[in-house]
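Each chain, written out:
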Amino acid sequence: MSGAVDLSSLKQPPAGTSGAGGGAYAVSEADFETKVLRRSTQVPVVVALYSQRSPGSVELVRTLERLVQEGAGAWDLATVEAEANMRIAQAFGVKGIPTVIAVAGGRPLADFEGAQPEPQVRQWLSAVVEAVGGQLEGGEQPQAVEDPRFTAAEAALERGDIAGAEAAYEAIIAAEPGNEEAKSALRQLRFLSRAQAVSDSAIATADADPANVDAAMDAADVEMLSQQPEASFDRLIAVIKKTAGDDRTRARTRLLELFELFDPAEPFVIAARRKLAAALY
């Protein structure tokens, strides 16, 4: 998420304190610029947005407070009560509490959502510190930190271990139900796994037997894999038009799954959704 968030709206007139002291400190909108943006030009600042009403987020803050003391000044911790500082939460696009964001050089660098076990938090902090090392104090902007959980999933894919990659993404989603990146990766992976198992003759088979719903779904997968999304969508919409009951439901479910492989704002997805609505009603 490096650079994806504009924090300029949170800047305030220069505060009376420098915010340069290490360790952990509470932050509000009034001192966000000093304690987070300015301080992050010297060391990474880990911003923890939490709620007193959320035991899990309070426990995560306590874990971070303990770890920042062990960090010996390598990073700072800024704790933010989300309800009292909604502009900070909105600036970061926070969807759930707790959310933890590393800020370096005045920009978001990496983040995670939800309470996490301490070993995972330690691993994430180590990755942040390593990525930032030697790049602050007026140096170049640090590069975005790769989440080690995604790195493990991608490594499994490179080895050809589809099941291992799928399990890795499922573990991320189990820990963070709102993690859209993991959900998207898992959808793509499941599609590829299914489509690559379909025979190359699927399109010919479906064209020869238009009433065969299974053949049509296989052919749609092959067309999608061949980077022909419009043809894939149109094939399934044609099936939906002339079927009913379970067959129509299966074709519609498959079509919706294929829609989810793309940004919903894509013009061809919008057009296909309109065709689907017309086919259904």
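### Observations concerning the confidence of the model for the protein
Turning to step 1, where the next piece is worked out: Per-residue confidence for the protein averages 86 on the pLDDT scale, and 89% of its residues sit at or above 70.
Turning to step 2, where the next piece is worked out: Scored below 50 in pLDDT, residues 1–22 shows 49 contacts in the model against residues more than four places distant or in partner chains.

### Overview of the side chain of R235
Turning to step 1, where the next piece is worked out: Positionally, R235 belongs in helix α10 (residues 229–242).
Turning to step 2, where the next piece is worked out: The residues touching R235, leaving out its near neighbours within four places in the chain, are I203, A206, D207, A216, A219, A220 and E223.

### Quick notes on the environment of L49
Turning to step 1, where the next piece is worked out: With respect to the helices and strands, L49 occurs in strand β2 (residues 45–50).
Turning to step 2, where the next piece is worked out: Taking the C-alpha atoms as reference points, L49 and V61, 12 residues apart in sequence, are found 8.7 Å from one another.
Turning to step 3, where the next piece is worked out: Among all residues touching L49, those that are not within four sequence positions of it are V80, I88, A89, F92, V94, I97, P98, T99 and I101.

### As for the environment of K242
Turning to step 1, where the next piece is worked out: Tracing the backbone shows K242 in helix α10.
Turning to step 2, where the next piece is worked out: Of the residues examined, K242 reaches a relative accessible area of 52% and is grouped as exposed.
Turning to step 3, where the next piece is worked out: Sequence spacing of K242 and A211 is 31 residues, and the spatial spacing of their C-alpha atoms is 8.8 Å.

### Quick word on the nonpolar core
Turning to step 1, where the next piece is worked out: If you look at the biggest cluster of nonpolar residues, it comprises 23 residues, and the most contacted ones within it are L64, W75, V100, W124 and L125.
Turning to step 2, where the next piece is worked out: The set of elements that each furnish at least two residues to this core consists of β2, α2 (55–70), β4 (99–104), β5 (107–113) and α4 (118–132).
Turning to step 3, where the next piece is worked out: Broken down by element, this core gets its largest block of residues, six residues, from α2.
Turning to step 4, where the next piece is worked out: Contacts of V100, omitting those with residues within four sequence positions, involve V46, V47, A48, L60, L64, A110, D111, F112 and W124.

Cut-offs used in this document
- What you see as residue numbers is a count from 1 along each chain, following the sequence as written.
- With pLDDT at 70 or above as the cut-off, local features in this predicted model cover only qualifying residues; side-chain atom pairs require 80 or more to be listed or tallied, and sums for whole chains, interfaces and linings still use all residues.
- Based on all heavy atoms of the structure, the side-chain values leave hydrogens and waters out of the count.
- Values of pLDDT, the confidence the predictor places in each residue, fall between 0 and 100.
- The contact definition used throughout considers only heavy atoms, calling two residues in contact when any of these lie within 4.5 Å.
- Strands here are runs of E lasting at least two residues and helices are runs of H or I lasting at least four, both read from the DSSP assignment and numbered beginning at the N terminus.
- Three labels apply to residues, based on accessible area from a 1.4 Å probe with only protein chains included: buried if under 20% of the type maximum, exposed if over 50%, partly exposed otherwise in between.
- We call a set of buried Ala, Val, Leu, Ile, Met, Phe, Trp, Tyr and Cys residues a nonpolar core when their side-chain atoms join them within 4.5 Å.

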